[in-house]
Amino acid sequence: MMRIPNMDNSTTGDHSSGNHAILTKVDKLRELISNRVALPQLVVVGDQSSGKSSVLEGLTGFAFPRDAELCTRYATQITCRREDEESITVSIIPNHDAPPSEQETVKRFHRTLIEMSPENLAEIFRDANNAMGIRTSTTTPSQSSSIPPAFSEHILKIEKLGPHEEHFTVIDVPGIFRKETEGITTESDIDLVRNMVQSYMKDARTIILAIMPSNVDPATQEILKLAKKADPNMTRTMAVLTKPDLAIERTTQQIAIDHVSGKRSDLTLGYYIVKNRGPDDMDKTLEQGQADERAFFSQAPWSDLKRTGKVGMDSLKVRVRALLVDLIKKEFPELKRDVRRELHAARTQRDAMGPSRRNQHTQRAYLNKISEKFQALVRDATNAYYTSDKLFTNRPDLRLITRVVEANEEFASEMDKKGHMREFISDVAQESESAVGGEFEVNFDTEDLYSRLSPQLDNYPELDEIFDPIDISLPDPSGPEDIIDYIEDVYKSSRGQELGTFGSALLGTVFQEQTKKWEPITLWHISQAIICVHHFIYTTIKDICPDSKVQEALWDGFLLDQLQSSYRKAFGHAKYLLEIEREGQPFTMNHYFNSNLQKDQTDRLVSKLEQLGRQTMIGRPGEDQKEGILLSKLELRNLSVNKSNADYVREYMHDVLKSYYKVSLKRFVDVICMQVIMSDLLTGKHSPLKIFNTDMVLSLSEEQLEMIAGEDLAVKIRRDKLDNEIEKYEEALKVLKGTDGAPAS
Ligand code: GDP
Ligand code: MG
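Residues numbered from 1 in each chain as written. Chains lettered and ligands numbered in written order. Predicted model: local features only at pLDDT ≥ 70, side-chain atom pairs only at ≥ 80, totals over all residues. Heavy atoms only, no water.

> Explain the packing of helix α16 (residues 518–544) against helix α17 (residues 548–583) to me, and be specific about the residues and the numbers.
Two numbers describe a pair of packed helices, the interaxial angle and the distance between the axes. It is the contact of α16 with α17, at a shortest axis distance of 11 Å, that shows an interaxial angle of 160 degrees. Comparing their axes, α17 and α16 come out roughly antiparallel. The hand of the α16/α17 crossing is right-handed. For the contact of α16 with α17, the residue count by class is 16 nonpolar, 4 polar and 5 charged. (Axes fitted to C-alpha atoms, helices over the stretch in contact; angles between N-to-C directions. Helix = DSSP H or I, 4+ residues; strand = E, 2+ residues; numbered from the N terminus. Parallel < 35°, antiparallel > 145°, perpendicular 65-115°, else oblique. Left-handed = near helix turned anticlockwise from the far one by under 90°. Nonpolar A, V, L, I, M, F, W, Y, C, P; charged D, E, K, R; others polar.)

> An account of the site of ligand 1 is requested, with residue identities and associated values reported.
Near ligand 1 you find 16 residues, and of these Ser-49, Lys-52, Ser-54, Asp-245 and Asn-276 are the closest. Contact between ligand 1 and Ser-50: an oxygen atom at 3.2 Å from a main-chain N or O atom of the residue. The contact in question runs from an oxygen atom of ligand 1 to an N or O atom on the side chain of Ser-54, over 2.6 Å. In the complex, 84% of the free accessible area of ligand 1, which totals 580 Å², lies under the protein chains. (Near = heavy atom within 4 Å. Polar contact = N/O pair within 3.5 Å; in protein donor to acceptor, adjacent residues only side chain to side chain. Areas by Shrake-Rupley, 256 points an atom, 1.4 Å probe, with all protein chains shown as cover.)

> Report on the packing of aromatic side chains, specifying residues and quantitative values.
For the structure on display, the rule yields 17 aromatic pairs. Ring centres 5.0 Å apart and planes at 20 degrees place the aromatic pair Trp-518 and Phe-668 in the stacked group. Of this pair, Trp-518 sits in helix α16 while Phe-668 sits in helix α20 (residues 645–683), placing them 150 residues apart in sequence. Measuring from centroid to centroid gives 6.2 Å for Phe-593 and Tyr-660, while their planes differ by 85 degrees, and the two rings are edge-to-face. Here Tyr-660 lies in helix α20 and Phe-593 lies in helix α18 (residues 592–612), a separation of 67 residues in the sequence. (Phe/Tyr/Trp six-rings, centres within 6.5 Å; stacked < 30°, edge-to-face > 60°.)

> Give a detailed account of the environment of Asp-489, specifying residues and quantitative values.
For Asp-489, the location among the structural elements is in helix α14 (residues 483–494). What makes Asp-489 partly exposed here is its relative accessible area of 41%. A C-alpha to C-alpha distance of 8.1 Å links Asp-489 and Gly-479, two positions 10 residues apart in sequence. (Buried < 20%, exposed > 50% of the residue type's maximum accessible area, 1.4 Å probe, protein only.)

> Mind laying out the nonpolar core, listing which residues take part and the relevant values?
Of all hydrophobic cores here, the largest spans 93 residues; its most connected members are Leu-367, Leu-400, Phe-536, Ile-537, Leu-559, Leu-681 and Phe-692. Look past the residues within four positions of Phe-692 in its chain and what remains in contact with it is Leu-367, Ile-370, Ser-371, Phe-374, Gln-375, Ile-541, Leu-554, Leu-559 and Val-697. Core analysis: the second largest hydrophobic core is formed by 64 residues, Leu-121, Met-132, Ile-158 and Val-240 among them. (Core = buried A, V, L, I, M, F, W, Y, C linked by side-chain atoms within 4.5 Å. Contact = heavy atoms within 4.5 Å.)

> So what's going on with unusual backbone geometry? Which residues, and what values?
A cis amide bond, omega -5 degrees, links Ala-300 with the succeeding residue Pro-301. A positive phi angle, near 70 degrees, is found at Ser-49, a position not held by glycine. Within the secondary structure, Ser-49 sits in the loop between β1 (41–46) and α2 (52–60). For Ser-49, a relative accessible area of 59% puts it in the exposed group. In the Ramachandran plot, Lys-243 falls in the positive-phi region, its phi being about 50 degrees despite a non-glycine side chain. As for its position among the elements, Lys-243 is in the loop between β8 (237–242) and α7 (250–261).

Pasting the structure below:
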């Protein structure tokens, strides 16, 4: 339901002054916001030469120069307003789709006339045509490289002020035509004009005056078809028949009469009929023309139409004004909503731009705010507090700590499954068991870690220079595939004098070989984490930085270098940890090393005994019997004698390596996750997430601030434009609410 604001005082009888107030308001609104919000208006449409400009002149008193060459080539908005001083101002409202330079040019066009004469006007129109670059028959093609257009989508704005003017705004648009004129109009002009006319008619706040000469049958008129398309209910379309004096045949007259009297009318608002001055009445004034009109309609057959109230310019004028006022009243609440919406949109845009940044203090404050926002997001993302900001909704890629924990898990399992170069002995047995179950993964050696890097990497070519020197391809084992064979090789080639033992240097060598894949897998994992963190930083800063220029300057000119160096540090740290773990002296205080070793040794002994002995049951039958092994003393003695010193050392070395490997792997995975991933890349003091913070902003020099956060001209212009718009919308809202100090209606 549409609420009609309390400005209708028709019940008090003071009709005209109430309407006057409303029309004044609309004029004020037009001044303020007509380029953004459609306002109630009247548009005159019809074929070329159907009498549109003549009807307009009758309605507004504004006389267009009658020069065929100056026929309407663009929309003309005529506003009449009551003012003490009489004047006519002509300017051009630029078409918003035109190139900016052209808009600037036409905006400069401005003429004021104190005294109106046909000559003065003709000159102004000629100037306006030139300003819009319109082609006329006097323009020769050689004057410019491209042929200037015959029509323009800029709007010529005429303001007619005077003590006797009535508030009124009408728009005259070029007439529709169907045939091109050699040297003046082209095929494409036909479409351009039709589109222009249709776009004016489409607006629900526009009253359409469809002008048709009386000597044609309205049923055949294209303009009515267009109007029906734009206004299907025909509630804002009104037909005006012109040139009744040229309808001489009785049947033609009757068709016009039937339409006006409503017998054949298909329009809710009906048909009006007027008679304007013809080409032969050039020397007559408007008043003389209207006297002629009254005389004309008092004669048969037209005199019968008097009772319809739809005859002559005077009735049309009254009706059109009433219609306009009705439409305005009806549209006021909607208009208010539109203005509120535009105001809100403009304010949101201005707020998004942040405060003005003209000096180092405002620039610093501006950047500081962004850095605080960024740090808050970092805090939330590393604490898994994802409900804090809508940025995290539907963005699993920005749920940083979750992604990193997942990556750590993948890293741990990767290291567990594929970190060792050769399978340890008992593991082989176990794993071939599980292979029966189908879970045993084969061929992991050929798997390409590069192809498993996050595809997001493609979005960040800046990471290439960090990643390029990092080699994450998996190495092949050097020497025999089997671990015991390998140990034997190493043992033989570097055996010293020691009897039944081996030096820890030997363990170091074997351990290094066994952990050769740690480096690529670890560096791959760190690369993954860096991509994750980098993506987070880039995306959040882009999101919270309203000005893309600032974001780019901050990113390219400042953050990127520091981010890259912190990523390099993380890699460096990882390599240092790898070096200690793999190339240093094997060392551990972890008691699991010994217990693992003892367990392996015991397992080995038990399986040997099982091989040599016979299964038996221990204990008295009928009571709790246990499985046991029966061995003769000789067999037991052979157990140790059978094994050569070398065999023994090989096995022992394998068990030591295996036990140490297990302990070292757990320690290493933990240290990488804790130090490199969690500290270096996430929460540590020097993590990339900490680079853009308040301290950094405080340390920026005046020059750096200007470089990052300085406003360029475009931003300044945009800000001024928004400020200006907001001011106008606020003012318009006051007008709509009746709190603008204008006399209440
Ligand atoms: P527009 O091209 O639609 O703007 O039409 P104009 O208002 O310029 O009129 C075109 C021609 O028709 C002009 O020469 C007018 O004098 C003439 N004209 C307009 N209305 C009437 C009318 O009611 N009777 C006569 N005889 N001529 C008219
Ligand atoms: Mg015209």
